Amino acid sequence: MDLEQLLTDRLTPAFATVAGVPVNPIVRRSPRADFQSDAALALARRLGRPPRAVAAEVLEHADLADVCSVAEVSGPGFLNLTIADEALAGLVHAIAADPRLGVPLAADPETVVVDYSAPNVAKEMHVGHLRSTVIGDAAARLLEWLGHRVLRANHLGDWGTPFGMLIEHLVDLGEMGTAQELSVGDLDAFYKAARTTFNADEAFRERARRRVVALQGGDPATLRLWRLLVEQSERYFMTVYDLLDVTLTKRDFHGESSYNDLLGPAVEDLDRLGLLRESEGASCVFPPGSVGRDGEPLPLIVRKSDGGYGYAATDLAAIRQRTGTLGATRLLYVVGLPQRRHFEMVYAVAAQAGWLVPPARAEHVGFGSILGSDGRMLRSRAGGSVKLVGLLEEAILRATALTRERNPELGEAEAAAVGRAVGIGAVKYADLSSDRHRDYVLDWERMLSLDGNTAPYLQYAYSRIRSIFRRIGTAAPLDTAISLAEPAERALAFELVGFGRVVGEVAENLEFHHLAGYLYRLAAAFSAFYEQCPVLRADGPVRDSRLVLCDLTARVLGQGLHLLGIRTPERM
Ligand code: ARG
């Protein structure tokens, strides 16, 4: 139980008594007292009474004696609440003894599908897929930790007309040559070469067209070649996931092609419900509320004029399966903001079809772009899109060099492991610590810096605490009474007891920059504490209490970073 909740629970009956109806006390952290509620102001307006008198009456009815050392009316009618040291200490003590660090399991565990990463076969993963992979993996980790059943869905782009061209290019290159090119991860070169031939050579185009028909018709030889492309790409994507330290496995690939058999039944449902309409030869649904700039209703194309199903049909069939067959009630789509309209329309149609009805719901977890230092879309020197692996390798290289410089005592192997944890951590944290709705600038200096809201800063804070316990050679004495006589101890305690609240909020809004911001505040509060309060040189009970604060800080930092998918080396 966090403090906001505790105070809310105590104030709610008091407000109800004064108001005669339920009132939300709206308790907030405040620089003036520890917490403040301004709900008496609005209530007084409603009751037509002086606000200070209303506030005073609420306080008379509120049972706060064991929680607050001071509870008073201030200013025009605010309630200022100062937490009693013993109450705060008791909470810290309880959280230190709790393996879940004060974060309760979800009261109503659900089945959640997290649709994320989703690169395309025979195409390089680019930085857009980095954001999806990093944010989606954090969502999966967080919801799983809260006790939800999480199904990871890697909606691989493994179907569609480009495969005619890609398979013909494979044929020309030979299976060996193709395997070689794709295994070294030169996916873009393969794709581009296929595209170039396609554009230049009419005979090749004709072969590609026939190949698409054979693929859709289930021709065994064609399917075998197609599978070769898919498998090579999947193998390559797995190496990237490995490098990135994400929890996606081979079993999580649910490519677009895996919905092929479900497309027909889904479209039949839509047809039976009378939702399909012909438009320029294509079968479309016009979801209510979707209109273009000209005010005309916008169609979601379910079946193209050539009879083929497209991207939207696949997403519809996937929803039908995720809620219907898999029993999911929460569907998350971690996909860039440009696809927002697509998902709005898909969800609207799925709702009309009865596949997405409460409690089931779908959320587009959208995100902006990664920009270069020039403030424009990140581009490689040659002007192409930036290859994700290249970016990750650069991060590890830079971080390993910095690690060696900062800590020459580390052996080769440990320096390499730390460099990797710091480099990958920095890339992921830079992403997760920025508001996902916005673009952000990739800035190596900043994200690898030991100062500021960065992964290395948090990892360093963690390793510094661990070094204390290495030095004393014992664990923290968790049964110690916590003393909070120093302001820095008190400030740190407030951060420590706030973990549960921020995790609960982020599980709802999936805005990981709030969790990152929390961890940063915690680490900063720890730094101030560590500067102002001697730990090992303190006397008996105070030393023990401070050791518990140290240990709990490390555990919360470690768990918080783990939820973000970031490793915490013991030494840096
Ligand atoms: N493969 C797509 C792309 O690279 C992303 C797919 C997202 N997921 C989905 N269910 N549509 O843009």
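Right, let's walk through the structure included here. (Residues numbered from 1 in each chain as written. Predicted model: local features only at pLDDT ≥ 70, side-chain atom pairs only at ≥ 80, totals over all residues. Heavy atoms only, no water.)

Digging into the sheet that holds strand E9 (residues 300-303)
Backbone hydrogen bonds are what pair the strands of a sheet, in a parallel or an antiparallel way.
Part 1 of the argument: Across the sheet, which stays open at both edges, the three strands sit in the order E7-E8-E9 with antiparallel pairing between neighbours. At either end of the open sheet lies a strand with only one pairing partner, and these are strand E7 (277-279) and E9. Across the sheet, the mean angle separating the axes of adjacent strands is 50 degrees when strand polarity is ignored.
Part 2 of the argument: Two elements, strand E8 (residues 282-285) and E9, share three bridges in a ladder whose sense is antiparallel. Residue Ser-283 lies in a different strand from E9, and its bridge partner there is Arg-303. (Pairing = 2+ DSSP bridges. Helix = DSSP H or I, 4+ residues; strand = E, 2+ residues; numbered from the N terminus. Axes fitted to C-alpha atoms, helices over the stretch in contact; angles between N-to-C directions.)

Digging into the packing of helix H10 (residues 220-244) against helix H15 (residues 412-432)
If you want to describe how two helices pack, look at the angle between their axes and the distance between the axes.
Part 1 of the argument: Relative orientation of the contacting elements H10 and H15 amounts to 100 degrees, with a least axis distance of 9 Å. The angle between H10 and H15 places the two elements in the roughly perpendicular class. Note on element contacts: H15 touches H10 through Arg-420, Ile-424 and Lys-428, opposite Asp-242, Leu-243 and Leu-244.
Part 2 of the argument: Considering only residue class, the contact of H10 with H15 consists of three nonpolar, no polar and three charged. (Parallel < 35°, antiparallel > 145°, perpendicular 65-115°, else oblique. Contact = heavy atoms within 4.5 Å. Nonpolar A, V, L, I, M, F, W, Y, C, P; charged D, E, K, R; others polar.)

Quick look at the site of the ligand
Part 1 of the argument: Around the ligand sit Asp-115, Ala-118, Asn-120, His-129, His-155, Tyr-311, Asp-315, Tyr-333, Val-335, Gln-339 and Phe-343, and that is every residue in its neighbourhood.
Part 2 of the argument: Between the ligand and the protein, one listed contact pairs a nitrogen atom with a side-chain N or O atom of Asn-120 at 2.9 Å.
Part 3 of the argument: Gln-339 places a side-chain nitrogen or oxygen 3.2 Å from an oxygen atom of the ligand.
Part 4 of the argument: In isolation the ligand offers 350 Å² of accessible surface; the protein chains occlude 87% of this area.
Part 5 of the argument: The cavity where the ligand resides is the largest pocket.
Part 6 of the argument: When grouped by side-chain class, the residues that make up the shell around the ligand number five nonpolar, four polar and two charged. (Near = heavy atom within 4 Å. Polar contact = N/O pair within 3.5 Å; in protein donor to acceptor, adjacent residues only side chain to side chain. Areas by Shrake-Rupley, 256 points an atom, 1.4 Å probe, with all protein chains shown as cover. 1 Å grid on protein atoms, 1.4 Å probe; cavity = no way out; pocket = protein on both sides within 12 Å on 5 of 7 lines; lining within 4 Å. Sits in = over half its atoms within 2 Å of the grid points.)

A few points about the pattern of salt bridges
Part 1 of the argument: Evaluation of the coordinates by the stated rule reveals 35 salt bridges.
Part 2 of the argument: Note that Glu-124 and Lys-387 form a salt bridge whose closest N and O atoms lie 3.9 Å from each other. Taken as a pair, Glu-124 in the loop between strand E5 (111-115) and helix H5 (127-145) and Lys-387 in the loop between strand E12 (370-371) and helix H14 (388-406) lie far apart in primary sequence, 263 residues in all.
Part 3 of the argument: Members of the salt-bridge network, linked through shared partners, are Glu-202, Arg-205, Glu-206, Arg-209 and Arg-210. (Salt bridge = Lys/Arg side-chain N within 4 Å of Asp/Glu carboxyl O.)

Things to note about the pairing of strand E11 (residues 361-364)
Part 1 of the argument: Across four bridges, strand E10 (residues 330-333) lies against E11 in parallel orientation. For Leu-331, the partnering residue across the bridge sits in E11 and is Ala-362.
Part 2 of the argument: Following the chain from E10 across helix H13 (residues 340-352) to the adjacent parallel E11, one finds a crossover that is right-handed. (Right-handed = clockwise from strand over helix to strand, strands pointing away.)

Things to note about the nonpolar core
Part 1 of the argument: Of all hydrophobic cores here, the largest spans 162 residues; its most connected members are Phe-499, Phe-512 and Leu-515.
Part 2 of the argument: The contacts of Phe-512, once residues within four sequence positions are left out, are Ile-135, Ala-138, Ala-139, Leu-142, Leu-432, Val-506 and Leu-564.
Part 3 of the argument: Val-335, Ala-350, Leu-356 and Ala-360 belong to the second largest nonpolar core, which has 32 residues in total. (Core = buried A, V, L, I, M, F, W, Y, C linked by side-chain atoms within 4.5 Å. Buried < 20%, exposed > 50% of the residue type's maximum accessible area, 1.4 Å probe, protein only.)

Structural notes on the layout of surface pockets
Part 1 of the argument: Quantified by volume, the largest pocket comes out at close to 1000 Å³.
Part 2 of the argument: Considering the residues around the largest pocket, the lining is formed by 46 residues, among which Ala-118, Asn-120, His-126, His-129 and Gln-339 are closest to the centre.
Part 3 of the argument: Listed by contribution, the elements that provide at least two residues to the lining of the largest pocket are H5, helix H6 (162-173), helix H8 (187-200) and helix H12 (311-325).
Part 4 of the argument: With four residues, H5 is the largest single contributor of residues to the lining of the largest pocket. (Points joined across faces, edges and corners; volume = space filled by probe spheres on them.)

Some thoughts on the packing of helix H9 (residues 202-216) against H10
Part 1 of the argument: Following both chains from N to C, one finds H9 and H10 inclined at 100 degrees, their axes separated by 8 Å at the closest point. One finds that H9 runs roughly perpendicular with respect to H10. Residues Arg-211, Ala-214 and Leu-215 of H9 lie in contact with H10, whose contacting residues are Thr-222, Leu-223, Leu-225 and Trp-226.

Limitation: the analysis is restricted to geometry and does not speak to function.
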